[in-house]
Amino acid sequence: MKPLQSAARHLITLMLILSSSLVFAQQVAQNQRPNIRTLSGYVREAQSGTALVGVSVSLPSLGLGATTNAQGYYSIELPARPFVQIAFSFIGYKTESMATDINTNTTINVSLEAQSSTLQEVVVKSRTGNGSSKVSESVQMSTLSVPIQQIKEIPSLLGEKDVLKSLQLMPGVQKGTDGSTGMYVRGGGPDQNLVLLDDAPVYNTSHLFGFFSLFNGDAIQSVNLTKGGFGAHFGGRLSSVVEMEMKDGNQEKWHGEGGIGLISSRFTLDGPIQKGKSSFLVSARRTYADVVLRPFVKNIADRNGYFYDFNVKASFDVTPNDYISVSAYTGKDRFVYTTAGQISNESGNLNWGNTVGTLRWKHRFSPGLTATTSAIFTQYRSHVHMSRDVVTDEAATTFRLNNATGIRDMSLKTDFTWVPSSQHIFKAGVIATAHQFNPSTSTVNKDFNSPAPAIETLRSVEGAVYLEDTYSPTPALKINAGLRLSAFKSETKVYTNPEPRLAIAYTLPRQWALKASYSVMNQYVHLLSNSGIGLPTDLWIPSSDQTAPQYSQQTAFGIAKDMKSGWSFTAEGFYKSMNNMVAYKEGASSFSYDGSDQVSWEDQITYGKGWSYGTELLLQKKAGRFTGWAGYTLSWTQQQFDELNFGKKFWARYDRRHDVSLVGTYHLSPKVTFSATYVYGTGQAMTLPKGQYWIQGNSALKNLGDKSNYTGRVYQEYGQRNNFRAAAYQRLDVGVQFHKTKKGHERTWEISVSNATNHQNPFFYYFDASQSSTTIGTKNTTNTLKQVTLFPILPSVSYNFKF
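Just so it is clear, the model here is predicted, and its values are computed rather than measured.

**Thoughts on the sheet that holds strand β16 (residues 220-226)**
Spatially, β9-β16-β17-β12-β13 is the arrangement adopted by the five strands of the open sheet, whose pairing is mixed. Single-partner strands in this sheet number two, and they are β9 (143-145) and β13 (200-201). Bridge count between strand β12 (residues 193-197) and strand β17 (residues 240-246): five bridges; the pairing is parallel. Directly across from Val-195, in β17, lies its bridge partner Val-242.

Here you go:
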């Protein structure tokens, strides 16, 4: 606990210094600008009192504006003057317009009324900042937001709406294997994505081996993806940041929603604790195949599993200037199996899960200065037990394997936002995190009585301080410049790294804009994985004396265009280099690390570099009866490790030359909604043997009887790493929703078809050996490469309700 206590003391000291400095600076700025006034307030939903995030607050006559933050708060500095026109707009809600005199600092709180369901047709809105929802007027690039309502309308596998799979449909985001929620952003691996739920990092983001994500859309308010041009307030990962905010409960009345699908059901309930002042939300989801099918399917207990997750949040408007929230998530997966064969019997029990929690306090010192302080807890744990009876030379022998791994974080952070004028938006903050890693304890024993080695515990502390400014010297030019100083202390070594950030946008006539960005990122935690699909045996490990932090530099250039028809277009080119990447050596895995002093996880890994570059195009329509987007990515991703592929460069497994996504939603009427998605991607790179040879005389299986085909063993010869390209991936999903609204509630039936064309997408390949000789006594074995497809055409039906 000493490292955590020391880090907490230093963090509190920095928080006090920052808050005092910013308050003093604001007072000086106000004294120097006596004619400047502040317009501020909160924007909430009229029906529920829930804060609305991303509402555009504009002053058209002055060319000024702002967007509301996570608590629905906005602040605008402007000269004192009479009759200022103000407009509050948010897609899916009625625009509120008014005019007022601004002679003193003014507070205006607004409640927006939701429009009818036929108008709530946002597909993807750009998260721009600076008071604009237009991509051509924002300094930020490489950032996207997916509204939860649209996620609920997109057809999905077995009707399970999935936040992360919706992000996979965006340009620059590659999917993993068929059905996987893993994201590969601009050449980075899944471990290089920082996934935040109310500021709490989530280390394992998947259920059921990656087929479904952890996040229940009914409990999520907003989802934002940043894949480049990072502000200085972001850090800790190389490739992307996924921010998810849980909903605040309804402060005015009780509200519930849920759904019943083919594999799971969910229910969410929220309402006021004290009307108009505080609220709560609880949400739960669980699969039920293990329960429902048990009476009907013989031996279902031999291969069975389930997952559940649970969200809870309480929010309190303590004073007009203070907001406090407490949120938590917990979820678990369990999978058991038993197999029986002629030469082996095997059984396994796999358990893994996440628990995260956030206590957050937002305080407004003045209309232009706010601070958000968060205490955060994160834990991921997994335990895998497997046993196998196999036939050896003389007798059957039992092997037993235990694998336990996990990571626990406790963090304290504070972030300040200061708006001294319409030309500047300052952000500053500090964060400290105490990590505890249990990288693995696994053992393979021939004797069940052999004790497993003790779980290894590694402790470290990570911290950062940052400062950034969004500066608008002219209405056409916007600059975001910042510096983040990050540090990491392992048991014996300290790493300190500066991370400069820069983004520039210049607005041209006819709503065109040119943009550029540069960012340096460091990552102090690493993921070791053989599978790439998020199995619970993957290991999180810290930087150490031998394992340096990962480091990346990314440069991006782009253009943006807003069109009067409601369409917008962005084109971006990027180049990213990555250093100090980690991977298993050939033949190594988490199972080869037994936690003993003789075998260390650092003995199993090698270090390397990566490069990714490409172009991303996005054409999208944000409003109207038809909404949708078309995305295209052309990219190259290569890696080089000294102890892999003979030290030569090779294509990364998730390198895909071409990636296309088409998404459309059409509201035929208030009662009927059609939707469809189509994706196409170049096949993954993978390693397959280029030949094989036999070693004769092996008698390992002689006790099975006199079977001549067991007298030899096949050894395979491999060439270059990832020397084979799988078949291209294609999938068409279609769906239709039927809505019906009655007094006090509404219901929706959804019918969808995943992989409507029944395209045979590869999940993995294998060689099938067959005897092709027809001559007695002559062996002529032919190997045929065969493809395994995971999902054929899959129809589904689900029922959803609200009240």
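Next, the rest of the story.
**A look at the confidence of the model for the protein chain**
Reading fine detail from the predicted coordinates is not recommended where pLDDT is low. Taken as a whole, the protein chain shows an average pLDDT of 82; of its residues, 81% reach a score of 70 or greater. In the predicted structure, residues 117-132 sits below a pLDDT of 50 and forms 68 contacts with residues beyond four places in sequence or in another chain. Scored below 50 in pLDDT, residues 698-711 shows 26 contacts in the model against residues more than four places distant or in partner chains.

**Here's the deal with empty space enclosed by the protein**
Enumeration according to the criterion identifies nine cavities of 30 Å³ or more in this entry. There is about 370 Å³ of room inside the largest cavity. Lining the largest cavity are 32 residues, with Lys-165, Gln-168, Lys-175, Arg-731 and Asp-733 positioned closest to its centre. Every element with two or more residues in the lining of the largest cavity is listed here: α3 (163-167), β10 (173-175), β38 (658-669), β39 (672-681) and β44 (729-742).

**Quick word on the packing of aromatic side chains**
By convention here, two paired aromatic rings are described through the distance between centres and the angle between planes. Inspection of every chain in the model, using the stated rule, returns 16 aromatic pairs. Taking 5.6 Å as the distance between ring centres and 70° as the angle between the ring planes, the aromatic pair formed by Tyr-74 and Phe-88 counts as edge-to-face. Here Tyr-74, found in strand β4 (residues 73-79), pairs with Phe-88, found in strand β5 (residues 81-89); they are 14 residues apart in sequence, far enough to count as distant. By relative accessible area, Phe-88 is classed as buried at 0%. With a centroid separation of 6.4 Å and an interplanar angle of 25°, the aromatic rings of Phe-641 and Phe-650 are classed as stacked. Each member of the pair, Phe-641 as well as Phe-650, is classed as buried. The ring of Trp-611 is capped by Lys-649, whose NZ or CZ atom sits 4.3 Å from the centre of that ring. Directly above the ring of Trp-651 sits Arg-657, whose terminal nitrogen or CZ lies 4.8 Å from the centroid.

**Details of the pattern of salt bridges**
Counted according to the given criterion, the structure contains 23 salt bridges. A salt bridge links Arg-360 to Glu-245; the nearest nitrogen and oxygen atoms lie 2.8 Å apart. Placement of the pair is Arg-360 in strand β23 (residues 344-366) and Glu-245 in strand β17, with a sequence separation of 115 residues. Across the pair, exposure class does not vary: Arg-360 and Glu-245 are buried alike. In this structure, Asp-655 and Arg-725 form a salt bridge, with 3.0 Å as the shortest nitrogen-oxygen distance. Of the two residues, Asp-655 is situated in the loop between β37 (650-651) and β38 and Arg-725 in strand β43 (residues 724-725); the sequence distance between them amounts to 70 residues.

**With respect to the sheet that holds strand β2 (residues 56-59)**
Overall, antiparallel pairing links the four strands, which are arranged β3-β2-β5-β6 in an open sheet. The strands lining the two open edges of the sheet, one partner per strand, are β3 (64-67) and β6 (96-102). On average, adjacent strands in this sheet sit at an angle of 20° to one another, irrespective of strand direction. Here β2 runs beside β3; their pairing, made up of four bridges, is antiparallel. Across the sheet, Ser-56 pairs through a bridge with Thr-67, a residue of β3.

Reading the values: the criteria
- Residues numbered from 1 in each chain as written.
- Predicted model: local features only at pLDDT ≥ 70, side-chain atom pairs only at ≥ 80, totals over all residues.
- Heavy atoms only, no water.
- Pairing = 2+ DSSP bridges.
- Helix = DSSP H or I, 4+ residues; strand = E, 2+ residues; numbered from the N terminus.
- pLDDT = per-residue confidence, 0-100.
- Contact = heavy atoms within 4.5 Å.
- 1 Å grid on protein atoms, 1.4 Å probe; cavity = no way out; pocket = protein on both sides within 12 Å on 5 of 7 lines; lining within 4 Å.
- Points joined across faces, edges and corners; volume = space filled by probe spheres on them.
- Phe/Tyr/Trp six-rings, centres within 6.5 Å; stacked < 30°, edge-to-face > 60°.
- Buried < 20%, exposed > 50% of the residue type's maximum accessible area, 1.4 Å probe, protein only.
- Lys NZ or Arg CZ within 6 Å of the ring centre and 35° of its normal.
- Salt bridge = Lys/Arg side-chain N within 4 Å of Asp/Glu carboxyl O.
- Axes fitted to C-alpha atoms, helices over the stretch in contact; angles between N-to-C directions.

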